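# Fold and geometry: a report
Residues per chain are reported as follows:
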Amino acid sequence: MPSVAFYTLGCKVNFYDTEAIWQLFKNEGYEQVDFEQTADVYLINTCTVTNTGDKKSRQIIRRAIRRNPDAIVAVTGCYAQTSPAEILDIPGVDLVIGTQDREKIMPLIGQLQEQRQPINAVRNIMKTRDFEELDVPDFADRTRAFLKIQEGCNNFCTFCIIPWSRGLSRSRDPQSVVNQAKQLVAAGYKEIVLTGIHTGGYGDDLENYRLSDLLWELDKVEGLERVRISSIEASQIDDKMLEVLKGSSKMCRHFHIPLQAGSNEVLKRMRRKYTIEEFELKIKKIREFMPDVAITTDIIVGFPGETDELFREGFEAIKRIGFSEMHVFPYSKRTGTPAARMEDQVDEEVKHARVHELIDLSESMQLAYAQKFVGEVVDVIPEKDEKGVAGEGYAAGFSDNYLQIRFEASGDLTGKVCRVKLTKAGVNTCEGQLVRILEDSSRALA
């Protein structure tokens, strides 16, 4: 039996794509082995979001070549899309394929088995207008299924390389999304996370069809309990979207809405297409439609030109808006983007100090948000305890508003919908008490 080993760098979309590529190998009779073992084919799915992503991708490629010099080494993903020549310069690389044409992987591997001539199968991503259909019917952790509905981005923020590695925004056919959702529910999943490179841009390339239309379609899927959107821009939450939040019982009370900076001056330099006032107003509106909603965000700290004064201004705005959690990143130069060439780069130590300030703020906001729910009963779907969050005799999972709650449990409750009373708030994990297990959800997970 031929074997294949995978290594994935980068974001959730990449992990989804790797799973999809594994399905192609599985259909050809391959078995999957650990990346540290000897395999016939190594496939590395690369990331290029930062310069470090490139470097790490190169290290992993070399590691595979050393592990088994006779193996076919194939490289895909964002770094493969933007720098195929750089990758083919590494002796031992057999195939470079970018963020499209993945259905050609198996025929190309076949070609390589007959004749070992390195192949560059990367073509211009900017000319691609179709969503690449890649199905993933199953996931390893079994409680949340990811469903990729969109690819690419039209925004061209000044710090970001991704439009060049993923192309322009294109949407998956709505019927295809619904079919895949039904398939996932049939496989026992209760929660689907809609994902993409710019998920909220779904429908930008479709005639009169938006993300809100798709959500109403998913609302009708029987047996599906929860729909979560991995990330969405404030501007993409329009009135139609707000109606869905209000009317659909499946929509999770959680949105990840990237702010990136709290000052208009910095937002303008980033080419984010909103002001802090517009953002704040939109969040207020979302909260009116969906009280108690968890809103998480991304912040980039120390963007070129961010003075102490602008940072303070941003800090106050962030505090005013109030998030349930923030992902804070120090700005890092990405070669090939306008921001990397800007004057007024911020000193690393200054960045570091600002990151710490924002992480402290994030933790206090997280705790404050969780405290609002002490004494309330929420639905939690426990996940496999791979990281040891729960511990012996306990289960842990997320509520629909993204609180991670651990509680005492006898037996395996993975994937079941549990009513849990929140007893103690915590920054990352809250404590709770099992009230009951919802019966209709006990359809055994395969």
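Worth saying up front: this structure is predicted, and the values here are computed from it rather than measured. (Residues numbered from 1 in each chain as written. Predicted model: local features only at pLDDT ≥ 70, side-chain atom pairs only at ≥ 80, totals over all residues. Heavy atoms only, no water.)

As a further point, take the domain arrangement of the protein chain. Here the protein chain is described as being made up of domain 1 (3–123), domain 2 (125–252), domain 3 (262–270 + 291–372) and domain 4 (376–437). Using only C-alpha atoms to locate each centre, domain 3 and domain 4 end up separated by 30 Å. Between domain 3 and domain 4, the residue contacts involve 10 residues of the former and 10 residues of the latter. Taking both partners together, domain 3 and domain 4 bury about 740 Å²; carbon and sulfur atoms supply 61% of that area. Ranking the residues of domain 3 by area buried against domain 4 places Gln366, Leu367 and Ala370 at the top, with a combined share of 47%. Taken together, domain 3 and domain 4 are joined by zero salt bridges. Summed over the shared surface of domain 3 and domain 4, the result is three residue pairs in polar contact (both at pLDDT 80 or more). (Domains from an automatic or database assignment. Contact = heavy atoms within 4.5 Å. Buried area = accessible area lost by both parts, 1.4 Å probe. Salt bridge = Lys/Arg side-chain N within 4 Å of Asp/Glu carboxyl O. Polar contact = N/O pair within 3.5 Å; in protein donor to acceptor, adjacent residues only side chain to side chain.)

Here leucine 184 shows up in helix α7 (residues 174–186). Separated by 128 residues in the primary sequence, leucine 184 and arginine 312 place their C-alpha atoms 46 Å from one another. Beyond its immediate chain neighbours, meaning those up to four positions away, leucine 184 contacts Val136, Pro137, Phe139, Ala145, Phe146, Leu147, Tyr189 and Ile192. (Helix = DSSP H or I, 4+ residues; strand = E, 2+ residues; numbered from the N terminus.)

The mixed closed barrel is built from five strands, whose spatial order is β15-β16-β17-β19-β18. Here the average twist between neighbouring strands, direction ignored, is 50 degrees. Where strand β15 (residues 377–382) and strand β18 (residues 418–424) come together, four bridges link them in antiparallel fashion. Residue valine 380 lies in a different strand from β18, and its bridge partner there is cysteine 418. (Pairing = 2+ DSSP bridges. Axes fitted to C-alpha atoms, helices over the stretch in contact; angles between N-to-C directions.)

With that settled, the discussion passes to the environment of alanine 187. As for its position among the elements, alanine 187 is in the loop between α7 and β10 (191–195). On a C-alpha basis, the gap between alanine 187 and proline 137 in space is 7.6 Å, while along the polypeptide they are 50 residues apart.

Where two aromatic rings form a pair, the distance of their centres and the angle of their planes describe that pair. Counted according to the given criterion, the structure contains 14 aromatic pairs. Seen from their ring centres, phenylalanine 35 and tyrosine 42 are 5.4 Å apart, and the 75 degrees between their planes marks the pair as edge-to-face. There is no split in this pair, since phenylalanine 35 and tyrosine 42 are both buried. Taking 6.1 Å as the distance between ring centres and 50 degrees as the angle between the ring planes, the aromatic pair formed by phenylalanine 311 and phenylalanine 315 counts as tilted. Residue phenylalanine 311 and its partner phenylalanine 315 are both found in helix α12 (residues 308–321); the two are separated by four residues, about one turn of the helix. Accessibility expressed as a relative area gives 11% for phenylalanine 315, which makes it buried. Over the ring of phenylalanine 315 we find arginine 312, and its NZ or CZ is 5.4 Å from the ring centre. (Phe/Tyr/Trp six-rings, centres within 6.5 Å; stacked < 30°, edge-to-face > 60°. Buried < 20%, exposed > 50% of the residue type's maximum accessible area, 1.4 Å probe, protein only. Lys NZ or Arg CZ within 6 Å of the ring centre and 35° of its normal.)

Right, let's talk about the nonpolar core for a bit. Ranked by internal contacts, the top residues of the largest apolar core, which has 74 residues, are Phe255, Ile257, Ile286 and Leu358. Looking at this core, the element that brings in the most residues is α12, giving six residues. When sequence neighbours within four positions are dropped, the list of residues in contact with leucine 358 reads Ile299, Val301, Phe311, Phe315, Ile318, Met326 and Val328. The next biggest cluster of nonpolar side chains, apart from the first, holds 22 residues, and it includes Phe35, Val75, Ile87 and Ile90. (Core = buried A, V, L, I, M, F, W, Y, C linked by side-chain atoms within 4.5 Å.)

Read from one edge of the open sheet, three strands run β12-β13-β14, paired in parallel fashion. Edge positions in the sheet fall to β12 (254–256) and β14 (325–330), since each of these pairs with one other strand and no more. Taken over all neighbouring pairs, the strand axes of this sheet differ in orientation by 15 degrees on average, direction set aside. In terms of strand pairing, strand β13 (residues 294–301) meets β14 through six bridges, oriented parallel. Along β14, the bridge assignment pairs threonine 296 with glutamate 325. This element, helix α13 (residues 348–371), spans β13 and β14 of the sheet and lies at about 170 degrees to β14.

Sheet topology note: the β15/strand β16 (residues 394–399) ladder contains three bridges and is antiparallel. What sits directly across from proline 382, in β16, is glycine 397.

Glancing now at the pattern of salt bridges. Counting across every chain of the model gives 31 salt bridges. The salt bridge involving glutamate 36 is made with arginine 67; its shortest N-O contact spans 3.0 Å. Note that glutamate 36 is positioned in the loop between β2 (31–32) and β3 (41–46) and arginine 67 in helix α2 (residues 51–67), a separation of 31 residues in sequence. Owing to a relative accessible area of 42%, glutamate 36 belongs among the partly exposed residues under this scheme. Under the relative-accessibility criterion, arginine 67 is labelled partly exposed at 29%. Between arginine 172 and aspartate 135 there is a salt bridge, with the nearest N and O atoms lying 2.5 Å from each other. Pair noted here: arginine 172 is in the loop between β9 (170–171) and α7 and aspartate 135 is in the loop between β6 (119–120) and β7 (144–148), with a separation of 37 residues, a long-range link. We classify aspartate 135 as partly exposed; its relative accessible area is 35%.

Glancing now at the environment of phenylalanine 35. Inspection of the secondary structure puts phenylalanine 35 in the loop between β2 and β3. Sequence separation between phenylalanine 35 and alanine 74 is 39 residues, and the spatial gap between their C-alpha atoms is 13 Å. Excluding anything up to four places from it in sequence, phenylalanine 35 contacts Ala5, Phe6, Tyr7, Tyr42, Ile44, Ile60, Arg63, Ala64 and Arg67.

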